[in-house]
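Examining the three-dimensional arrangement
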Amino acid sequence: MPTISPPPSHEDVLQKIAKEIDVTPETSEAVIARYQSLGSWLDRPNSTLKGYDPYVAPQGSFLIGTANRPITDTDEIDVDLICRLNSSKGDQTQKQLKMAIGQEVMSYAQAHSMKHTPENKRRCWTLKYADQRNFHTDILPCISDVNTYRSRLSANGYMKLAINDRITQEAIAITDKTNPGYDVITLNWPSSNPLGFAVWFMQEMEDVLRYEKLELFKRGSPYAKVEDIPDHAVKTTLQKAIQILKRHRDLMFADDPEHKPISIIITTLAAHAYQGELTLVDSLTAILNGMDRFVEVVDGKRWIRNPVNPEENFADKWQEMPEKERNFYSWLDNARRDFGTYIRVNRPTDIPTGMVNRLGAKVMDRVKENFPISKSETPAVAAAPALITQTSQMVERVKDRGTETAPWCDKG
Amino acid sequence: MSEPSTLTIEDVRRALGFAQPLLKFTESDDAIFAYGVFIVSDGPHPNGPAKRFEIKCFFFKDFPKREPIVIENGGVIPRIADRHMYKNGVCCLCVWQEWLVLSQDTSFQAFCDGPLYNFFLSQTWFEQTGEWPFDERSHGAKGIAESISQLLGFDVNEQQANLYSQAISAKKVKGHWPCPCGSNKKLRDCHLDEVISLREQLGAGTILGLQSLLQNLMKAERET
């Protein structure tokens, strides 16, 4: 007799979706290989940067584990890197730092016979790899800038952040072609902290990260101790939920990518709303219900604070471009409806059309290969005894919460 | 920009957008209007929601001052007082003033998770079993007396409820008032200490809404 596998739950389907949109292990390995190769080039014996101890590391979604697989095979994979030199602001201008690194990036491109010449962008160098993996790398020249960052935080009253060493030690000064001090010796450089943001993000889900590592260890892992397991070896429900929401956003704004809600906003608000939920059902519920609570209004202006630099507003463009604000709320509206319909209305194998459209038919095809997903739009009808059990469980949960209320009528 | 105390369409979407994905929302000057299908569901279930109701709601922007109006317009619930429904489809979710006093949280979110959800869950359970899962309040003034009993922590009839709420709501307690317990003694010779401690416990103003509702209903019931 053939064995009948149990029907999938909502959680099974969501987990499978998360897996299908995640970057493949091959891509991750290629990313690591490429930034390490660049790092070694900058640090090679006859590199002009050798004396500055160049350090190349990923930042952004690859660092925090929320990077998605490209939507189509021809789409580019964006990798953001920092290139940090051991130097200080008084020793050179922003331009000199930018050009010193640019020179070595150029020679790297030449040595590797790359078709595209690296481009000198506003803050970074862009390197394009034209091979089977369509890589696009933004390299951010910078130097360490811990003291300025710390003193600015304490001067502005953010003491708790100012003494968070794990975050402050990652602060950097960056270059910006549009900055008035770009071509002069000055201590007044633009400042940033992308690696500090990653530390904050990891701290927001610390307990779950530890839990996932323990689970991996129990299942059997190549690591001798739980403590040896690196962060990137596991993935939390927060990371997966963000990946799903970003993909949903990408396809919703496929025709207007210029004004789509930016990833850092989705990531920051989701991390705030996340309370350590261990399933994707619960994580998406918590995030979609609560994420816009963390959009503040300051003097009539919407603020989404950079958690590692509270003076920076991730939504600062909303004022001049109101369509960005509208797009954020209309995305949130759609995401609530799509995932709310799936999680709270539909049966596990009934994926709402909105979700199929905004997560990609191809992804859903791959999910369907694992589970028989029906397309029926008819509402589920349960047998009477099952229905009574279902209702009585809901009644019990209201009693557990202590939020019972009794109906009334003002006349008989 | 809205006053902080004003209910906005964003608040409504935050409370219901995900939980009730089959509702749509629009806005007028003084209310947020929600309409569509209300699902009786509190999370994923292999069979979907236990029940669906066609509803429309008016959530007034001065929430919680004004009680929201919720209408079941699919005709699924019989429009009779015993089902806590008016003839025009308006649902009697709860004794509003009681919820305002008793609930730890009177935010719009708490209303949606409380009286709104509970009403349709109760109707679903009643249809299945003939019982109200969270009890029901009697119609009219008697129901308010039950609400006041709940607040006081002991059972009182309508007359006692009226006297108690008067003694609790009054600016000052006078010892020569008749004791609300119905003993025909003066307050100072009977339950004065209890009344004073209830005033402290409940806060003098809180019960005022229930009291005036009770008095109006008692008057209306006497007249008919």
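Residues numbered from 1 in each chain as written. Chains lettered and ligands numbered in written order. Predicted model: local features only at pLDDT ≥ 70, side-chain atom pairs only at ≥ 80, totals over all residues.

1. A few points about the overall build of chain A
Condition: Every helix listed is a DSSP run of H or I at least four residues long, and every strand listed is a run of E at least two residues long, numbered separately from the N terminus. Here a residue counts as buried when 20 or more other C-beta atoms fall within 10 Å of its C-beta, as exposed when 12 or fewer do, and as partly exposed in between; the C-beta atoms come from the backbone. Any two residues are considered in contact once their C-beta atoms, placed from the backbone, lie within 7 Å.
Secondary structure assignment for chain A yields 16 helices and eleven strands. With respect to the principal axes defined by its C-alpha atoms, chain A has extents near 85 × 60 × 45 Å. Here chain A holds 412 residues, and the buried ones make up 39% of them. Of all intrachain contacts in chain A linking residues separated by at least 6 positions in sequence, the fraction that spans at least 24 positions is 64%.

2. Considering the overall build of chain B
For chain B, the count of helices and strands is seven helices and four strands. Secondary structure elements of chain B occur, N-terminal to C-terminal, as α-β-β-β-β-α-α-α-α-α-α. Per-residue burial for chain B yields a buried fraction of 43% across its 224 residues. Counting only contacts in chain B whose residues sit at least 6 apart along the sequence, the fraction spanning at least 24 positions is 39%.

3. Brief notes about the interface of chain A and chain B
Residue-level contacts link 42 residues of chain A with 48 residues of chain B. If you list the elements that add at least two residues to the side of chain A that touches chain B, you get helix 12 (280-290), helix 13 (322-345) and helix 16 (384-401) of chain A.

4. What to know about the environment of Phe62 of chain A
Residue and element names in this part refer to chain A. When you line up the elements, Phe62 lands in helix 3 (residues 61-64). Classification of Phe62 as buried rests on a count of 23 C-beta atoms within 10 Å. The sequence separation of Phe62 and Asp78 amounts to 16 residues, and the corresponding C-alpha distance is 9.0 Å. Residues contacting Phe62, with those up to four places away along its chain left out, are Val31, Ala67 and Val79.

5. Examining the pairing of strand 11 (residues 309-313) of chain A
All names here are of chain A. Short version of the rule: By definition, two strands form a pair when at least two bridges between them are found by DSSP.
Looking at chain direction, strand 10 (residues 305-306) and strand 11 are connected through two bridges and run antiparallel. Paired with Arg305 across the two strands is Asn313, which belongs to strand 11. Between the end of strand 10 and the start of strand 11, which pair antiparallel, lie two residues.

6. Regarding helix 9 (residues 206-219) of chain A
Residue and element names in this part refer to chain A. Our working definition: Each helix should span, by expectation, one fewer than its residue count multiplied by 1.5 Å. The arc in question is the one spanned by the directions pointing from the helix axis to the C-beta atoms.
Over its 14 residues, helix 9 extends 20 Å from the first C-alpha to the last, a length consistent with the 20 Å expected when each residue adds 1.5 Å. Of all the positions in helix 9, only Val208, Leu209, Glu212 and Lys213 are classed as buried. Along the axis of helix 9, the buried positions cluster into a sector of 140°, meaning they face one direction only. Within helix 9, the exposed residues directed more than 90 degrees away from the buried face are Glu206, Asp207 and Lys218. At its buried positions, helix 9 is contacted by helix 8 (194-204) and helix 10 (237-252). Where helix 9 ends, the next residue or the one after it, Gly220, has phi of about 105°, a positive value.

7. Topic: the pairing of strand 4 (residues 69-72) of chain B
Residue and element names in this part refer to chain B. Covered by surrounding structure in strand 4 are Val70 and Glu72 only, the residues Ile69 and Ile71 on the alternate face being uncovered. In terms of strand pairing, strand 3 (residues 51-60) meets strand 4 through four bridges, oriented antiparallel. For Cys57, the partnering residue across the bridge sits in strand 4 and is Val70.

8. Let's talk about the nonpolar core
Note the threshold: A set of buried residues qualifies as a nonpolar core if it consists of Ala, Val, Leu, Ile, Met, Phe, Trp, Tyr and Cys joined through C-beta atoms within 7 Å.
Counting residues in hydrophobic clusters, the biggest one holds 151 residues, and the most contacted among them are Ile17, Cys83, Ala241, Ala270 and Ile287 of chain A together with Ile144 and Ile148 of chain B. By residue number, the principal contributor to this core is helix 3 (residues 108-129) of chain B, which donates nine residues.

9. A look at unusual backbone geometry
A negative phi angle characterises most non-glycine residues, just as the trans form characterises most peptide bonds. All names here are of chain B. Cis geometry is found at the peptide bond from Phe63 to Pro64, where omega equals 0°. Turning to its location among the elements, Pro64 is positioned in the loop between strand 3 and strand 4. Located in the positive-phi region is Asn184, a residue other than glycine, with phi close to 65°. Inspection of the secondary structure assignment puts Asn184 in the loop between helix 5 (158-169) and helix 6 (192-202). Looking at Asn184, the number of C-beta atoms within 10 Å reads 8, which means it is exposed.

10. Points about the sheet that holds strand 1 (residues 23-27) of chain B
Residue and element names in this part refer to chain B. Put simply, the rule reads: Between N-to-C directions, angles span 0 to 180 degrees; the directions come from axes that are lines fitted to C-alpha atoms, helices contributing only their stretch in contact.
Overall, antiparallel pairing links the four strands, which are arranged 1-2-3-4 in an open sheet. Whereas interior strands pair on both sides, the edge strands pair on one side only; in this sheet they are strand 1 and strand 4. Within the sheet, the average angular offset between the axes of one strand and its neighbour, ignoring direction, is 15°. With respect to the sheet, helix 1 (residues 9-16) is in contact with strand 1, strand 2 (31-40) and strand 3, its orientation differing from that of strand 1 by roughly 170°. Contacting strand 2, strand 3 and strand 4, helix 3 crosses the sheet at an angle of about 35° to strand 2.

11. Concerning the confidence of the model for chain B
For the record, the criterion: What pLDDT reports is the predictor's confidence in each residue, on a scale of 0 through 100.
Of the residues in chain B, 97% reach a pLDDT of 70 or more, and the chain-wide mean stands at 91. The ipTM for the predicted assembly is 0.90, set against a pTM of 0.92.

12. Observations concerning the environment of Leu102 of chain B
Residue and element names in this part refer to chain B. With respect to the secondary-structure elements, Leu102 resides in helix 2 (residues 96-102). Look at Leu102 and you get partly exposed, because 15 C-beta atoms sit within 10 Å. The residues contacting Leu102, other than those within four sequence positions of it, are Gln150 and Leu151.

13. Thoughts on helix 4 (residues 140-152) of chain B
Residues and elements named next belong to chain B. When the terminal C-alpha atoms of helix 4 are compared, their 19 Å separation across 13 residues agrees well with the 18 Å that a helix rising 1.5 Å per residue should span. Burial analysis of helix 4 places ten of its 13 residues in the buried class, which makes it a mostly covered element. Taken together, the buried positions of helix 4 are Gly140, Ala141, Gly143, Ile144, Ala145, Glu146, Ser147, Ile148, Leu151 and Leu152. Positive phi appears at Gly153, one or two residues downstream of helix 4, with a value of about 95°.

14. Re the packing of helix 16 of chain A against helix 3 of chain B
Heads up, the rule is: Geometric relationships in this document are graded by angle, where less than 35 degrees denotes roughly parallel, more than 145 denotes roughly antiparallel, 65 to 115 denotes roughly perpendicular, and other angles denote oblique. In this scheme the crossing of two helices becomes right-handed for a clockwise turn of the near helix relative to the far one and left-handed for an anticlockwise turn of less than a right angle. Think of it as three bins: nonpolar holds Ala, Val, Leu, Ile, Met, Phe, Trp, Tyr, Cys and Pro, charged holds Asp, Glu, Lys and Arg, and polar takes everything else, Gly as well.
Where helix 16 of chain A meets helix 3 of chain B, the axes come as close as 10 Å, and the angle between the chain directions of the two elements is 140°. When the axes of helix 16 of chain A and helix 3 of chain B are compared, the pair comes out oblique. Once helix 16 of chain A is placed against helix 3 of chain B, the crossing between them reads as left-handed. In this structure, helix 16 of chain A contributes Leu387, Ile388, Thr391, Met394, Val395 and Val398 of chain A to the contact, and helix 3 of chain B contributes Asn118, Leu121, Thr124, Trp125 and Gln128 of chain B. Of the residues belonging to the contact of helix 16 of chain A with helix 3 of chain B, the class tally is seven nonpolar, four polar and no charged.

15. Looking at the environment of Asp292 of chain A
Residue placement: Asp292 of chain A occurs in the loop between helix 12 and strand 8 (296-298). Note: C-alpha distance between Asp292 of chain A and Thr24 of chain A (268 residues apart in sequence) is 31 Å.

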